[in-house]
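Fold and contact review
For reference, the chains in residue letters:
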Amino acid sequence: ANERERARMRVLSKAFGRLKTTLPWVPADTKLSKLDTLRLASSYIAHLRRVLHYED
DNA sequence: TAGGCCATCTGGTCCT
DNA sequence: AGGACCAGATGGCCTA
């Protein structure tokens, strides 16, 4: 059970890593906590929404 | 040294 | 029954 849980968490961490790479203006080697990654991704999405709305 | 972040373990709950 | 998911606890590491 431990081993599986560890593997599951590794997958989660990798996903955070991938999410980080999708964020613009964030250099690939930047240290970013998971929380920061989440917050930046969230604000980026908000930004994108504004852009889309503006172009209507 | 306090606070933030992380990985890990563990027990409980939900799903298949 | 067994695996996936989740949340709480714990300990180590790093930085302001």
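Heads up: these notes are all about the structure in this document. This is a predicted model, so every value here is computed, not measured.

Conventions used here
- Residues numbered from 1 in each chain as written.
- Chains lettered and ligands numbered in written order.
- Predicted model: local features only at pLDDT ≥ 70, side-chain atom pairs only at ≥ 80, totals over all residues.
- Heavy atoms only, no water.
- Near = heavy atom within 4 Å.
- Polar contact = N/O pair within 3.5 Å; in protein donor to acceptor, adjacent residues only side chain to side chain.
- Helix = DSSP H or I, 4+ residues; strand = E, 2+ residues; numbered from the N terminus.

This part takes up the protein's contact with DNA strand B. Near DNA strand B, the surroundings consist of Asn2, Glu5, Arg6, Ser13, Ser33, Lys34 and Leu35. Restricting attention to atoms of DNA strand B within 4 Å of the protein, one finds that 90% of them are sugar or phosphate atoms. One nitrogen or oxygen atom from the side chain of asparagine 2 is found 3.2 Å from a phosphate oxygen belonging to DNA strand B. Within the side chain of arginine 6, a nitrogen or oxygen atom sits 2.7 Å from a phosphate oxygen of DNA strand B. Secondary structure elements with two or more residues in the surface near DNA strand B: helix 1 (2–21) and helix 2 (34–54).

Next up on the list: the protein's contact with DNA strand C. If you check the shell around DNA strand C, you find Arg4, Glu5 and Arg8 and nothing else. For DNA strand C, the backbone makes up 50% of the atoms found within 4 Å of the protein, where backbone means sugar plus phosphate. Residue arginine 4 places a side-chain N or O atom 3.4 Å away from a phosphate oxygen belonging to DNA strand C. Within the side chain of glutamate 5, one N or O atom sits 3.4 Å away from a base nitrogen of DNA strand C.

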